[in-house]
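Listed here are the chains, written in short residue letters.
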Amino acid sequence: MPHVRIEMLKGKSAQYKEAIFDGIHRAIVDELKTPAEDRYQRIIEIDSENFDHGPRRSDDYLFIEIMLFEGRSEGARAGAETQFLPQAGDQCRADRRAN
């Protein structure tokens, strides 16, 4: 089961965070073929004075770390690297718009 750590600015709504969780989870299930019930994610909320994301990024900027354990094939890891971010981003945006 992949472990996911998401860092974001403090102050987002519960609905916003749930949309992020759901979008990332769907991308993991689709790309890494993990069982849907294998879900381990956590959000670390950071005060704005402790989160420097530069002037070109919005306050919706996220840092996502996915830890995979041994046993994943090279193909699965490569597919996740090339497909995960666009898919997760699309799903998170769609989920956030729906809330």
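Because the structure is predicted, anything quoted here is derived from the model rather than measured. (Residues numbered from 1 in each chain as written. Predicted model: local features only at pLDDT ≥ 70, side-chain atom pairs only at ≥ 80, totals over all residues. Heavy atoms only, no water.)

S.K.: I would appreciate a short explanation of the nonpolar core in the present structure.
M.R.: In this structure, Val 4, Ile 6, Met 8, Tyr 16, Ile 20, Phe 21, Ile 24, Ile 28, Leu 32 and Ile 43 together form the largest nonpolar core, which totals 10 residues. Breaking this core down by element, the ones donating at least two residues are strand 1 (3-9) and helix 1 (14-32). The element that contributes the greatest number of residues to this core is helix 1, accounting for six residues. Contact partners of Phe 21, with chain neighbours within four places excluded, come to Ile 6, Arg 39, Gln 41, Arg 42 and Ile 43. (Core = buried A, V, L, I, M, F, W, Y, C linked by side-chain atoms within 4.5 Å. Buried < 20%, exposed > 50% of the residue type's maximum accessible area, 1.4 Å probe, protein only. Helix = DSSP H or I, 4+ residues; strand = E, 2+ residues; numbered from the N terminus. Contact = heavy atoms within 4.5 Å.)

S.K.: Hey, could you run me through the packing of aromatic side chains in this one?
M.R.: We describe a pair of aromatic rings using the distance from one ring centre to the other and the angle between the two ring planes. Counted under the stated rule, the structure contains one aromatic pair. Taking 6.2 Å as the distance between ring centres and 45 degrees as the angle between the ring planes, the aromatic pair formed by Phe 51 and Tyr 61 counts as tilted. One end of the pair, Phe 51, is in the loop between strand 2 (41-46) and strand 3 (63-67); the other, Tyr 61, is in the loop between strand 2 and strand 3, and 10 residues separate them in sequence. Just above the ring of Tyr 16 sits the side chain of Lys 12; from NZ or CZ to the centre is 5.1 Å. (Phe/Tyr/Trp six-rings, centres within 6.5 Å; stacked < 30°, edge-to-face > 60°. Lys NZ or Arg CZ within 6 Å of the ring centre and 35° of its normal.)

S.K.: Hey, could you run me through the side chain of His 25 in this one?
M.R.: In this fold, His 25 is placed in helix 1. Within the structure, His 25 has its side chain in polar contact with the backbone oxygen of Ala 36 (distance 2.9 Å). Every residue in contact with His 25, bar those within four places of it in the chain, is listed here: Ala 36, Asp 38, Arg 39 and Gln 41. (Polar contact = N/O pair within 3.5 Å; in protein donor to acceptor, adjacent residues only side chain to side chain.)

S.K.: I'm lost on the environment of Val 29 in this one. Help?
M.R.: With respect to the element layout, Val 29 can be found in helix 1. The spacing of Val 29 and Arg 39 is 10 residues in sequence and 9.3 Å in space, taken between C-alpha atoms. When sequence neighbours within four positions are dropped, the list of residues in contact with Val 29 reads Thr 34, Pro 35 and Ala 36.

S.K.: Sorry, what's going on with the sheet that holds strand 3 here?
M.R.: Pairing between the strands of a sheet is mediated by backbone hydrogen bonds and can be parallel or antiparallel. Read across the sheet, three strands follow the order 2-1-3 without closing on themselves; strand pairing throughout is mixed. The sheet is open, and its two edges are formed by strand 2 and strand 3, each paired on a single side. Averaged over all pairs of adjacent strands, the angle between strand axes in this sheet comes to 15 degrees, irrespective of strand direction. For strand 1 and strand 2, the ladder comprises six bridges, and the chain directions are parallel. Looking at strand 2, one finds that Leu 9 is bridged to Ile 46. Most of the contacts of helix 1 go to strand 1, to which it runs at about 145 degrees, and overall it touches strand 1, strand 2 and strand 3. (Pairing = 2+ DSSP bridges. Axes fitted to C-alpha atoms, helices over the stretch in contact; angles between N-to-C directions.)

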